[in-house]
Amino acid sequence: MTLRRRLFARTNALLPGRQSLAGADVLVSGSRIERIAPARTIPSAEADETIDLDGAVLLPGFVDGHCHLELTVTGRDHHVAVHTPPYTSLTQILEQLSRARRDRPKGWLIARSSFGLQHKVHEARLPHRDELDLISPDEPLAVLAGLHVACLNTRAMSVLGLSDPTALPSWIDIDLDAAGPTGAFTEVWDRLPTHSASEVVQSLRRHSRSLFSSLGTTSLSTISTSAEDVRALHRLAKLGELPFRVRFFVHVPRTASLSEVLSWGPESGFGDDMLRFGGVKIFVDGEGATAYGEPKDDTKWSPAELERFVEAADEAGIQVLMHAVTPRAIRLACEVVRSIASRRTLAVRHRIEHGADYVDAEAIPFVAGTPVGLVATPHFVESAGSDAYDFQPLRALIDAGVDVVGASDATGTVPDGVSPMRAIGLAAGRRTAAGAPSPHRISVREGLSMFGEWAAQGVNEDHEKGSIEVGKLADFIIAGRDPLTADPEELAEIAVLSTFVAGERMTGAAR
Ligand SMILES: [Zn+2]
């Protein structure tokens, strides 16, 4: 028998759909919103529990369009954190690695550092293989600078099959000096070891709430990079321990080939309210640059191959998330989707991950006119130092009619969780390099949509999530202040007091 629980909330602001209401009662029955009524008109007696918001604000729970959940939480337990900041020099980072190696003398040592590491340390370069060899002569050692750049020692190069530069695919960048490879590579992260299902379960239990729920995330799409990751998610779902709703996307080819995924059967959306199969994630290009950030064409597909792939997935009802970080790859993904859509009705709306970050201004009408979803990660403006004038043109995209999907893209290479509220503040308060308001600024309300209904729409779940509406899932947060009346610069400071999923409190104390 289903337990019938009712929450009763008096609130002074909320967002039913895209409208703001000053003062309302929300009645939750079981896992869904049953009724929304004017403030203080639903009798307390109708509810088993009443939450009086007492000046706090009820908002829809955040939907994170794209992150690497398993990688982020296992990184916390198994990798060494050497982010910049707090680190400011390679000397400090290498000392930290030496200590970690002494504590853990055998096996892989993997360190997480920040995107653009070479710009953030005094030495203005990446760690060299010789330095890493001194720390770890016999066992593999890798320092990730962001996800797509890895600095390896000699042993790691050989374990990962990277010792022979002539045997590598063209999209992998190998940094060289007079003596040979410096150990810096792009596009090798998917060769690094992953974790067992029980390790992933443990890390999810330890860190899911602090890194995601406590920031207000109630639903997320994750890129699972192994079958063990998927098993871990399923185990926690069976135990009722997932603190947010998860859609997992299988990384092709790392986790499985498309034909393996197709031979298995389920379409996107298979599963239940807490855990669903999302589809597949592919990389059309990769870093789009060398290890040192020089532009590089690292496109991994020919147009014909990509079209065959997306069409086969679409015919099977499987959503394809296409990573593309260069205007060239974004255009290629659009052309492929247009070509398929010209022949048949698409079964699924496919997406371009980072499409809204790296789209060219001139390409906006073409991209906006393509039946494809576009994803943006607002904190890149800060964490990737991408304050270039034409980067992430959210204002123009939204004006062109694109419902941009908001994503944290959490990988563990940005320390601590990446807060959607902060991301919205960054997009709404964006400034030019000279400090003036950026022409790419969006409103806070649009930012809330990016991490709400638009992100839900990005995985065909907007009928269930993304706003506080009758019949939708009772996923919401109680915030200390109304972001709609705050300055964008203040959003990062707004406390998420509690996070509710299916009407149940996942984090925060009872009020
Ligand atoms: Zn990502």
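Note that this is a predicted model, so its numbers are computed, not measured.

S.K.: Would you mind going over the pattern of salt bridges with me for this structure?
M.R.: Close approach of charged atoms allows side chains with opposite charge to pair. Going through the model one piece at a time under the given rule, you end up with 27 salt bridges. When the shortest N-O distance is used, the salt bridge between Glu 228 and Arg 231 registers 2.4 Å. One end of the pair, Glu 228, and the other, Arg 231, are both in helix H7 (residues 227-238), 3 residues apart, so they sit about a helical turn from each other. Among the residues examined, Glu 228 registers a relative accessible area of 26% and is labelled partly exposed. Given the relative accessible area of 42%, Arg 231 is considered partly exposed. Among the ionic pairs, Arg 395 bridges to Glu 446, the shortest N-O distance being 2.8 Å. Highlighted residues: Arg 395 in helix H14 (residues 394-399) and Glu 446 in helix H16 (residues 444-450), separated in sequence by 51 residues. Taking the relative accessible area as the measure of exposure, Glu 446 reaches 13% and is therefore buried.

S.K.: Sorry, what's going on with the coordination of the zinc ion here?
M.R.: Think of it this way: four donors in a tetrahedron around the metal ideally sit 109.5 degrees apart, and six in an octahedron ideally sit 90 or 180 degrees apart. Around the zinc ion, the protein supplies His 66 (NE2), His 68 (NE2) and Asp 409 (OD) as donor atoms, at distances of 2.1 Å. Summarised as a motif, the one-chain spacing of the donors to the zinc ion is H-x1-H-x340-D. Residue classification places His 66 among the buried positions, given a relative accessible area of 2%. On the basis of relative accessible area, His 68 is assigned to the buried category, the value being 3%.

S.K.: Would you explain the sheet that holds strand E5 (residues 57-60) in this entry?
M.R.: Each strand in a sheet pairs with another by means of backbone hydrogen bonds, the pair being arranged parallel or else antiparallel. Overall, antiparallel pairing links the 4 strands, which are arranged E5-E20-E21-E22 in an open sheet. Unpaired on one side and paired on the other, E5 and strand E22 (504-507) mark the two borders of the sheet. The average angle at which neighbouring strand axes cross in this sheet is 30°, direction not considered. Across 4 bridges, E5 lies against strand E20 (residues 476-479) in antiparallel orientation. Among the inter-strand pairings, Leu 59 is bridged to a residue of E20, identified as Ile 477.

S.K.: Can you walk me through the environment of Asp 173 in this structure?
M.R.: Residue placement: Asp 173 occurs in the loop between helix H5 (154-159) and strand E11 (174-177). For the pair Asp 173 and Asp 297, spaced 124 residues apart in the sequence, the C-alpha separation amounts to 9.9 Å. Apart from the residues lying within four places of it in its own chain, the contact partners of Asp 173 are Ala 184, Phe 185, Thr 186, Thr 290, Ala 291 and Lys 296. Reaching out from Asp 173, the side chain makes a polar contact with the backbone nitrogen of Ala 291 at a distance of 2.9 Å.

S.K.: Is there a simple way to explain the pairing of E11 in this structure?
M.R.: For a regular strand, side chains alternate in direction, first toward one face of the sheet and then toward the other. In this structure, E11 lies alongside strand E12 (residues 180-186), joined through 3 bridges in antiparallel fashion. Considered in E12, the bridge of Leu 176 is made with Pro 181. Hairpin connection, E11 to E12: the antiparallel pair is bridged by 2 residues.

Parameters at a glance
Residues numbered from 1 in each chain as written. Predicted model: local features only at pLDDT ≥ 70, side-chain atom pairs only at ≥ 80, totals over all residues. Heavy atoms only, no water. Salt bridge = Lys/Arg side-chain N within 4 Å of Asp/Glu carboxyl O. Helix = DSSP H or I, 4+ residues; strand = E, 2+ residues; numbered from the N terminus. Buried < 20%, exposed > 50% of the residue type's maximum accessible area, 1.4 Å probe, protein only. Donors = N, O, S within 2.8 Å, 3.2 Å for Na, K, Ca; no water. Pairing = 2+ DSSP bridges. Axes fitted to C-alpha atoms, helices over the stretch in contact; angles between N-to-C directions. Contact = heavy atoms within 4.5 Å. Polar contact = N/O pair within 3.5 Å; in protein donor to acceptor, adjacent residues only side chain to side chain.

This is a description of form; function is not addressed.
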